[in-house]
Amino acid sequence: MKAFLNWLKKAWNFLTYTVQCIRYYKSIQRTGADMSAGQLVDAIFHRWGGILKPIQVPYEIRLFSELVEKNQPQTVLEIGTANGGTLFLFSRLADKNAHIISIDLPMGLMRLYFFIRLLFFKSIPLSGQTLNLLRSNSQKLITKKKIEKILNGKKIDLLYIDADHSYEGVKKDFELYSPLVTPGGIIVFHDIVHHPSGTTAHLAEVDRFWNEIKTQYHCVEIVENWNQWWAGIGILTKKHLNPNIPKCNKVI
Ligand SMILES: C[S@@+](CC[C@H](N)C(=O)[O-])C[C@H]1O[C@@H](n2cnc3c(N)ncnc32)[C@H](O)[C@@H]1O
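Residues numbered from 1 in each chain as written. Predicted model: local features only at pLDDT ≥ 70, side-chain atom pairs only at ≥ 80, totals over all residues.

**Quick word on the site of the ligand**
Note the cut-off: Nearness between a residue and a molecule or strand is assessed with a C-beta atom placed from the backbone; a distance within 6 Å qualifies. Labels follow the DSSP assignment, with helices taken as runs of H or I lasting at least four residues and strands as runs of E lasting at least two, numbered in each case from the N terminus.
The environment of the ligand is made up of 18 residues, and the closest members are Pro-54, Gly-80, Ala-82, Ser-138 and Ala-163. Contributing elements (two or more residues each) for the shell around the ligand: α4 (85–93) and β2 (99–104).

**As for the environment of Arg-62**
What counts is decided by this rule: A residue pair is marked as a contact if its C-beta atoms, positioned from the backbone, fall within 7 Å.
Residue position: Arg-62 is located in helix α3 (residues 58–71). Here the alpha-carbon distance between Arg-62 and Leu-40, two residues 22 residues apart in the chain, equals 8.7 Å. In this view, Arg-62 contacts Ala-37, Gly-38 and Val-41; residues no more than four positions away in its chain are not counted.

**What about the packing of helix α2 (residues 37–46) against α3?**
As a reminder of what qualifies: Every angle, taken between N-to-C directions, lies between 0 and 180 degrees, and every axis is a line fitted to C-alpha atoms, over only the stretch in contact when it is a helix. For this classification, under 35 degrees means roughly parallel, over 145 means roughly antiparallel, 65 to 115 means roughly perpendicular, and everything else is oblique. A crossing counts as left-handed when the near helix is turned anticlockwise from the far one by less than a right angle, and as right-handed when that turn is clockwise. Side-chain classes follow a simple rule in which Ala, Val, Leu, Ile, Met, Phe, Trp, Tyr, Cys and Pro form the nonpolar group, Asp, Glu, Lys and Arg form the charged group, and the remainder, Gly included, forms the polar group.
Packing of α2 against α3 brings their axes to within 8 Å, and their N-to-C directions diverge by 135°. The angle between the axes of α2 and α3 places the two elements in the oblique class. Crossing of α2 against α3: the hand is right-handed. Side by side, α2 and α3 meet where Ala-37, Gly-38, Leu-40, Val-41 and Phe-45 of the first sit next to Pro-58, Ile-61, Arg-62, Ser-65, Glu-66 and Glu-69 of the second. Of the residues that constitute the contact of α2 with α3, the class distribution is 6 nonpolar, 2 polar and 3 charged.

**A look at α2**
Selection criterion: Partly exposed residues are those whose C-beta has more than 12 but fewer than 20 other C-beta atoms within 10 Å; with 20 or more the residue is buried, with 12 or fewer it is exposed, and the C-beta atoms are placed from the backbone. This arc is built from the directions going out from the helix axis to the C-beta atoms.
When we look at burial in α2, the residues that qualify are Ala-37, Leu-40, Val-41 and Ile-44. Projected down its long axis, α2 carries its buried residues within an arc of 100°, all on one side. For α2, the secondary structure elements touched by its buried residues are α3 and α4. Trp-48 occupies a position one or two residues after α2 and carries a positive phi of about 60°.

**Describing the nonpolar core**
Our working rule: In this description, a nonpolar core means buried residues of the types Ala, Val, Leu, Ile, Met, Phe, Trp, Tyr and Cys, linked to one another by C-beta atoms lying within 7 Å.
Among the nonpolar cores identified, the biggest contains 56 residues, and Phe-90, Leu-158, Leu-159, Ile-161 and Val-188 are the most heavily contacted of them. In this structure Val-188 touches Leu-158, Leu-159, Tyr-160, Ile-161, Ile-233, Gly-234 and Ile-235, once residues within four positions along its chain are discounted.

**Some details on the pairing of β2**
Just so we agree on the cut-off: If DSSP finds at least two bridges between two strands, the strands pair.
Of all 6 residues in β2, 5 are buried; the element is thus mostly enclosed. Bridge count between strand β1 (residues 75–79) and β2: 5 bridges; the pairing is parallel. By the bridge assignment, Val-76 is partnered in β2 with Ile-100. When β2 meets strand β3 (residues 130–135), the two strands line up parallel, connected through 6 bridges. In the strand pairing of β3, Ile-101 is matched with Asn-132.

See below:
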């Protein structure tokens, strides 16, 4: 009985999601290139029945979006597509002809769900942009090879790491993909705030890796509240280590 109820719940979620995708995809497609970072962030939190709602603190993602807006990256690699919220933001704030690649894990048995999502995400980029969606474990060498092939020699301007939050996972993503980032490009981590063990997010250890790596680069921390137990955005600029800037400039 419990299994049946679970199945029913999943089927219902799938149905409502599909209906919302059909209902809103045109409006989502039309939204954006002329909107500010703040307006776009507001839209993903409050419009379209929440189908693009990102897993983010609004204050933090707004500040980060403003930075992306200023930089207008031409090549973006996102690790962790999830609902497509940050993917939507990147497409609207990056260059109008940007190349965006977004990776998430394969969806196993939920293939139909994946197919609907894929169709929906494919409708997100602007007409001049290229979007590659990969369903693959980012930590596998074969995934990196696929990405290198897609990039065809191009370097990444913005690498956004928001996938496996274990210490080893985040380190691996950094080690595999940061060499593909152009000098002066940025590498961004989500969830740099300490998640105390005992909370549901106790496996999140991004902060441990972040604290190891941040002093080796120019970096910025966007954190609304260091006691919020989750979130926080850490940004590294890929430049040579500058001993005069030993600490992050905190944006609070
Ligand atoms: C926190 S969510 C990403 C949130 C999204 N960037 C946003 O702000 O809306 C993390 C995503 O990473 C994916 N993920 C976890 N481990 C992964 C891996 N090894 N390779 C690729 N994706 C992974 C999960 O399936 C999940 O969808």
